[in-house]
Amino acid sequence: MTTTTLRPPVRPAAKQPRDGHKADRLWKATPLTWVGLVLGVILSLFPFYWMIVIASRTNDAANSWPPPFLPGGKLGENIQRVLENGDANIVKGLMNSFLVSGTITVATVFFGSLAGFAFAKLRFRGKNAMLLVILASMMVPIQLGVLPLYILMAKLDWLNTMPSVTVPFLIGGFGIFMMRQYAEQAVPNELIEAARVDGCSTWRVYWHVVVPALRPAAAVLGLLTFMEQWNQFFWPFVVLADPANPTVQISLRSLNTAYFADNSQIFAGTLIATLPLFIVFVLFGRQIIGGIMEGAVKS
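Report follows, based on the coordinates.

### Description of the packing of aromatic side chains
Thought 1: Under the definition given, this model contains 13 aromatic pairs.
Thought 2: Where W203 meets W207, the ring centres are 6.0 Å apart and the plane angle is 15°; that geometry is what we call stacked. One end of the pair is W203 and the other is W207, both in helix α11 (residues 202–213) and four residues apart, which spans about a single turn.
Thought 3: Looking at W203, the relative accessible area reads 45%, which means it is partly exposed.
Thought 4: A relative accessible area of 45% places W207 in the partly exposed class.
Thought 5: These aromatic residues form a ring-pair network of at least three members: F110, F111, F117, W203, Y206 and W207.

Quick look at the structure:
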């Protein structure tokens, strides 16, 4: 005689929402989102478009009412007038700004990554106290140090020279703090220990292990530093009294005299000064955006 065991009926499993549909519901853009994005893009690009419009017209058209909203045909002529303006000396200003901004950018990224690695991964006495001093230096406005720094430049006989606008900014607290925060997350301790076991010195660990991991943050820091130094006006205006040796911002100031403002020439010079920043962003934009996104994911 055979016995049969009764099994409870199997209930059909409830349908679970697929992740794709859930993500679609969470991330699907609404028409209001698109309107906001388009409006934001227009507001961001309009100053650059307006700069091109005024730079391509005569000064009378730039001061007319209603103002023109379409580019004219005087862009080449206005740029030529800017380049031939002996008071502005904008070609010399562009060369000096490239030299100063490039040198400060390379030094800031190098020393910032080196010090950030030390504060994040190395053990030494006084590390926390030194880090607090660096953070405190970021809270001091640059205007408070202008007078003693100017006296120091005069003692070194660096006034009206490029070292006066380069050497004081070769390293900054922001670059050290940024690299230190990124190295804390991007460089695993196990990777450094493995390199130590393989016989790497501290310098080789930094160069072969830390630098590749910090490359995204270095790209962001490099762009921010280059833009800041390229647009620097106050300190170069203080120490560069010789109009024959200006930076690009001092050259733009020379285009605006006290008695007459040629807006078409001023905007044409501004366009020339803006192009290098645009080129840098186009060349390194992918690395910069990737570094920002990677930092956001890690945080």
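### Focus: the pattern of salt bridges
Thought 1: In the structure shown here, the tally under the stated rule is two salt bridges.
Thought 2: R180 is paired through a salt bridge with E184; the nearest N and O atoms lie 3.5 Å apart. In this pair, R180 and E184 are both assigned in helix α9 (residues 173–186), four residues apart and thus about one turn of the helix distant.
Thought 3: You can call E184 partly exposed: its relative accessible area is 35%.

### What about the layout of surface pockets?
Thought 1: There is about 660 Å³ of room inside the largest pocket.
Thought 2: Around the largest pocket, the lining comprises 22 residues; the ones closest to its centre are F169, I171, G172, G173 and E228.
Thought 3: Breaking the lining of the largest pocket down by element, the ones donating at least two residues are α5 (90–121), α9 and α12 (215–230).
Thought 4: Looking at the lining of the largest pocket element by element, the count peaks at five residues for α12.
Thought 5: Tallied by class, residues from the lining of the largest pocket come to twelve nonpolar, nine polar and one charged.

### Considerations on the environment of D87
Thought 1: With respect to the helices and strands, D87 occurs in the loop between α4 (75–83) and α5.
Thought 2: Separated by 165 residues in sequence, D87 and L252 have C-alpha atoms that sit 9.9 Å apart.

### Let's talk about the environment of V165
Thought 1: Looking at where V165 falls in the secondary structure, it is placed in helix α8 (residues 163–166).
Thought 2: Each C-alpha atom of the pair V165 and P236 lies 6.1 Å from the other, and the pair is 71 residues apart in sequence.

### Focus: the nonpolar core
When a protein is soluble and globular, its nonpolar side chains tend to lie buried together.
Thought 1: F117, M179, V187, V205, V210 and L214 are the most contacted members of the largest nonpolar core, which totals 21 residues.
Thought 2: Every element with two or more residues in this core is listed here: α5, α9, α10 (189–197), α11 and α12.
Thought 3: Apart from residues no more than four positions distant in its own chain, F117 is found in contact with L122, I192, T202, V205, Y206 and V210.
Thought 4: A55, L223, L277 and V280 belong to the second-largest nonpolar core, a separate cluster that totals 17 residues.

### What about empty space enclosed by the protein?
Thought 1: Throughout the structure, instances matching the rule amount to one cavity of 30 Å³ or more.
Thought 2: Its volume calculated, the largest cavity comes out at about 80 Å³.
Thought 3: Lining the largest cavity are 13 residues; nearest its centre among them are V100, Q229, Q232, P236 and T247.
Thought 4: Of all elements in the fold, only α5, α12, α13 (234–239) and α14 (248–254) reach the threshold of two or more residues within the lining of the largest cavity.
Thought 5: Per-element tally for the lining of the largest cavity: the top contributor is α5, with three residues.
Thought 6: Tallied by class, residues from the lining of the largest cavity come to seven nonpolar, six polar and no charged.

### Topic: the side chain of S56
Thought 1: As for its placement among the helices and strands, S56 is situated in the loop between α2 (31–55) and α3 (59–62).
Thought 2: Relative accessible area serves as the criterion here: at 2%, S56 is assigned to the buried category.
Thought 3: In terms of polar contacts, S56 uses its side chain to reach the backbone amide nitrogen of G72, at 2.8 Å.
Thought 4: In this view, S56 contacts P71, G72, G73, K74, L75 and N78; residues no more than four positions away in its chain are not counted.

### Focus: unusual backbone geometry
Thought 1: The phi dihedral of D157 is positive, around 60°, even though this residue is not glycine.
Thought 2: Within the secondary structure, D157 sits in the loop between α7 (146–155) and α8.
Thought 3: Look at D157 and you get exposed, because its relative accessible area is 64%.
Thought 4: At N160, a residue that is not glycine, the phi angle is positive and equals roughly 65°.
Thought 5: Tracing the backbone shows N160 in the loop between α7 and α8.

The rules we used
Positions within a chain are numbered from 1, following the residues in the order the chain's sequence is written. In view of the model being predicted, local features appear only for residues whose pLDDT reaches at least 70, and side-chain atom pairs are presented and counted only at 80 or more, with totals across whole chains, interfaces and linings using the full set of residues. Only hydrogens and water are set aside; all other atoms, that is, all heavy atoms of the structure, feed into the side-chain values. Only Phe, Tyr and Trp rings are paired, with Trp represented by its six-membered ring, and only when their centres lie within 6.5 Å; those with planes under 30 degrees apart are stacked, over 60 edge-to-face, the remainder tilted. A run of H or I in DSSP counts as a helix once it spans at least four residues, and a run of E counts as a strand once it spans at least two, with each numbered from the N terminus. Each residue gets one of three labels from its accessible area relative to the maximum for its type: buried under 20%, exposed over 50%, partly exposed in between, using a 1.4 Å probe on protein chains only. Salt bridge, as used here, is a side-chain nitrogen of Lys or Arg placed within 4 Å of a carboxyl oxygen of Asp or Glu. Only protein atoms enter the 1 Å grid used here, on which a cavity is any set of points holding a 1.4 Å probe that cannot leave and a pocket is any open set flanked by protein within 12 Å on both sides along at least five of seven lines; residues with an atom within 4 Å of a point are listed as lining. Grid points are joined across faces, edges and corners, and a volume is the space filled by probe spheres set on the points. Each residue receives one of three labels: charged for Asp, Glu, Lys and Arg, nonpolar for Ala, Val, Leu, Ile, Met, Phe, Trp, Tyr, Cys and Pro, and polar for the others, Gly being one of them. Residue types Ala, Val, Leu, Ile, Met, Phe, Trp, Tyr and Cys, when buried and joined through side-chain atoms within 4.5 Å, form a set referred to as a nonpolar core. Two residues qualify as a contact provided that any one of their heavy atoms is within 4.5 Å of a heavy atom in the partner residue. Side-chain atoms alone can form a polar contact between residues adjacent in sequence; in general such a contact is a pair of N or O atoms within 3.5 Å, and within protein one must be able to donate a hydrogen while the other accepts it.

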